[in-house]
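One letter stands for each residue in the lines below.
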Protein chains: 2
Amino acid sequence: MNPRVFLDREQLHVGQLVMVTGQDGHHLSRVLRVQEGETIAIGASEKGYLAIVQSIDGKAGTVECRIEQELPSHESVVRVYLIQGLPKADKAESIVQHGTEVGLAGYLLYESGRSVVHLDRKKAGQRLERWSKVVREAAGQSQRDLVPDVSYAARWVELKSWVEQLAPGLVLLLDEDEEVRSLKETLTAYAASKQGPISARGAVARQDGLLGTTGLEGTTEMPRGAGDAGVANAGPADGLRPVVLCVGPEGGWDDKERQAFREQIGGVPVTLGPRILRTETAGLVAASAVLYHFHAMGG
Amino acid sequence: MNPRVFLDREQLHVGQLVMVTGQDGHHLSRVLRVQEGETIAIGASEKGYLAIVQSIDGKAGTVECRIEQELPSHESVVRVYLIQGLPKADKAESIVQHGTEVGLAGYLLYESGRSVVHLDRKKAGQRLERWSKVVREAAGQSQRDLVPDVSYAARWVELKSWVEQLAPGLVLLLDEDEEVRSLKETLTAYAASKQGPISARGAVARQDGLLGTTGLEGTTEMPRGAGDAGVANAGPADGLRPVVLCVGPEGGWDDKERQAFREQIGGVPVTLGPRILRTETAGLVAASAVLYHFHAMGG
């Protein structure tokens, strides 16, 4: 396994010389002590590359590499995001860490009605910084091509705007009520409504007719602001639009929130079955199932 | 959500009066302070029941209840077990805790070649006691019908004997090598080889022709000792035989172990895709996918 670092917002091509600096440069040169001629992996603009170390400046903490080849994608064609009601203690840290391993594309930590923890602006900034660091490390260790985004919302309007920006195809509200449709039925109905191949890498799927086409109750409103920009941010244009999983804090979403999810951002309540999952387990389990459904766990 | 306790090895029927004692009795009477007429759930002999509290003896820590009705099953028809290479620190605790929430039927913690932690007999007994307690609490909180077993093996022969006792239909060796078949392909081939309905509760599936029928290389030997007793232990006779997931410790299984898994207990290497999962994440993710595959997460 080659160590993997990330070059943010850089478009790379084979033969290019690149400089790894900052934390990653420090990690490669001083912690891992890579040598000239060694192979490393680099993630950049959502692709993975193999690179050969050309020179190391241990003092400056920088490593120069030459891009050798593009690697097969490690990312799911269907991007899966998690809105997580802010949980207690440092659970959020392990949620974003393990979620990054399994392949989540990004997170919104949301201070919901039943969140016990309340963060002021400064504290929220500190936590966000910490979570981002954890996610970046996990992305390297799990060999992701991208570093998932982490955002924080203290108010519903911020959550709503985050969702609208993403322009998801499906917003799934995880529910303990066994009476609602199962995740599997919902994903199957959603995929069928796309009328095209849904799983093959590079398959063309229709991008129109999203939430309204699943035939589920409670999807009364389409996400607004769903434009090309949102889709471009959200992942490859030739796949399905992103899927957003919504997991409440320890006490679950309150009734007002559940209504807002359904009515304002087209949230579809789904059950993961009769066994009750903790808030720190639910997102990871649901993400595993969704990625598995869309053939994004090895085919 | 009713609090849920377990009566070990007891066959219950509607109308029966039962006494909850021990830790569960203490928990109900002194911690939750249940009252006469309140409803609780009881798991016994792998079924769930609704019961009405008849009387409470807070001093003795006992609660008498009358069984009111049998509840719909909360268990997967296909039982999924985890062999976990003993990990560092207290990771095993969160592995068995979260695994119990998602629906694993039992665990074998195995002190493998690359396990950093080594437990002497006394220490192993203490840890086993602790893990069992964690699993029992998690089983109650997640509303399981049964308390998953936890076992510990320090030697390969013990592991082998545990697997033989279980008589699984499929032993899956989680592998970081992307060249091996994916979990999804493997489960699909396995289910197809059963030539019957595989997912519906109560569906009849053939119980013969197990590992040898998947057409995978490396499945050169059938589990020995696979008799009726094993199947009866393992779950309902009308489902598929159990599935066993094998997850190495931090450093993975060593070559000798991988060979033994393949050649001595019919282990089939499978990949979960190109992203690398930590040892504490892999079992939960794989269990989620397997249970999802077999419609055991809400249909």
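Everything in this summary refers to the structure shown in the same document. On a predicted model such as this, the values are computed, not experimentally measured, just so you know.

Cut-offs applied
Residues numbered from 1 in each chain as written. Chains lettered and ligands numbered in written order. Predicted model: local features only at pLDDT ≥ 70, side-chain atom pairs only at ≥ 80, totals over all residues. Heavy atoms only, no water. Helix = DSSP H or I, 4+ residues; strand = E, 2+ residues; numbered from the N terminus. Buried < 20%, exposed > 50% of the residue type's maximum accessible area, 1.4 Å probe, protein only. Contact = heavy atoms within 4.5 Å. Areas by Shrake-Rupley, 256 points an atom, 1.4 Å probe, with all protein chains shown as cover. Buried area = accessible area lost by both parts, 1.4 Å probe. Salt bridge = Lys/Arg side-chain N within 4 Å of Asp/Glu carboxyl O. Phe/Tyr/Trp six-rings, centres within 6.5 Å; stacked < 30°, edge-to-face > 60°. Lys NZ or Arg CZ within 6 Å of the ring centre and 35° of its normal. Pairing = 2+ DSSP bridges. Axes fitted to C-alpha atoms, helices over the stretch in contact; angles between N-to-C directions. Parallel < 35°, antiparallel > 145°, perpendicular 65-115°, else oblique. Nonpolar A, V, L, I, M, F, W, Y, C, P; charged D, E, K, R; others polar.

1. Focus on the overall build of chain A
Part 1: Per the secondary structure count, chain A includes eight helices and eleven strands.
Part 2: Looking at chain A residue by residue over its 299 residues, the buried ones come to 56%.
Part 3: By sequence separation, contacts in chain A at least 24 residues apart represent 74% of the contacts at least 6 residues apart.
Part 4: Roughly 12,500 Å² of accessible area belongs to chain A as shown, and the carbon and sulfur atoms make up 47% of that amount.

2. Some thoughts on the interface of chain B and chain A
Part 1: With 42 residues of chain B in contact, the opposing surface of chain A contributes 42 residues.
Part 2: Both sides of the chain B and chain A interface together cover about 3,600 Å² of buried area, and 55% of this is carbon and sulfur.
Part 3: Its largest share of buried area at the contact with chain A, chain B owes to Lys184, Arg275 and Tyr292 of chain B, together 25% of the area lost on that side.
Part 4: One can count two salt bridges joining chain B with chain A.
Part 5: Across the pair Arg278 of chain A and Glu101 of chain B runs a salt bridge, and its minimum N-O distance is 3.1 Å.

3. Brief notes about the packing of aromatic side chains
Part 1: A full pass over the atoms with the stated rule returns twelve aromatic pairs over all chains.
Part 2: Note on Trp156 of chain B and Phe261 of chain B: the rings are 5.1 Å apart at their centroids and 90 degrees apart in plane angle, and the pair reads as edge-to-face. Of the two residues, Trp156 of chain B sits in helix α4 (residues 156–166) while Phe261 of chain B sits in helix α7 (residues 255–265), which places them 105 residues apart along the sequence.
Part 3: On the basis of relative accessibility, which here comes to 16%, the residue Trp156 of chain B falls in the buried class.
Part 4: Following the ring pairs from residue to residue traces out a cluster consisting of Tyr110, Trp156, Trp253 and Phe261 of chain A.
Part 5: Lying across the ring of Tyr292 of chain B, Lys184 of chain A places its NZ or CZ 4.5 Å from the centre.

4. A short note on the sheet that holds strand β3 (residues 39–44) of chain B
All names here are of chain B.
Part 1: Spatially, the five strands line up as an open sheet ordered β1-β3-β4-β5-β2, and their pairing is mixed. In this open sheet, the two strands that pair with only one neighbour each are β1 (4–7) and β2 (17–20). Adjacent strand axes in the sheet meet at a mean angle of 45 degrees, parallel and antiparallel pairs treated alike.

5. Observations regarding the packing of helix α2 (residues 91–102) of chain A against helix α8 (residues 279–293) of chain A
Residue and element names in this part refer to chain A.
Part 1: It is the contact of α2 with α8, at a shortest axis distance of 9 Å, that shows an interaxial angle of 10 degrees. Comparing the axis directions of α2 and α8 gives the class roughly parallel. On the side of α2, the interface is formed by Lys91, Ile95, His98, Gly99 and Val102, while α8 contributes Thr279, Glu280, Leu284, Ala287, Ser288 and Leu291.
Part 2: Here the residues of the contact of α2 with α8 are counted per class, giving five nonpolar, four polar and two charged.

6. Comments concerning the sheet that holds strand β9 (residues 170–175) of chain A
Through backbone hydrogen bonds, the strands of a sheet pair up, either in parallel or in antiparallel fashion.
Residue and element names in this part refer to chain A.
Part 1: What the six strands build is an open sheet, ordered β8-β7-β6-β10-β9-β11; its pairing is parallel. For this open sheet the edge positions go to β8 (149–153) and β11 (267–271), each flanked by a neighbour on one side alone. Adjacent strand axes in the sheet meet at a mean angle of 25 degrees, parallel and antiparallel pairs treated alike.
Part 2: The pairing of β9 with strand β10 (residues 243–247) spans four bridges and is parallel. Residue pairing for β10: Leu172 is matched across the bridge by Leu245.

7. As for the pairing of strand β4 (residues 47–57) of chain A
All names here are of chain A.
Part 1: Here strand β3 (residues 39–44) pairs with β4 via six bridges, running antiparallel. For Thr39, the partnering residue across the bridge sits in β4 and is Ile52.
Part 2: The antiparallel hairpin formed by β3 and β4 contains two residues in its connecting segment, where Ser45 sits at a positive phi of about 40 degrees.
Part 3: Note that β4 and strand β5 (residues 62–70) share eight bridges and pair antiparallel. For Ile52, the partnering residue across the bridge sits in β5 and is Arg66.
Part 4: Taking the residues that link successive antiparallel strands as the turn, the β4-β5 hairpin has four residues, and the phi of Gly61 there is positive, at about 70 degrees.

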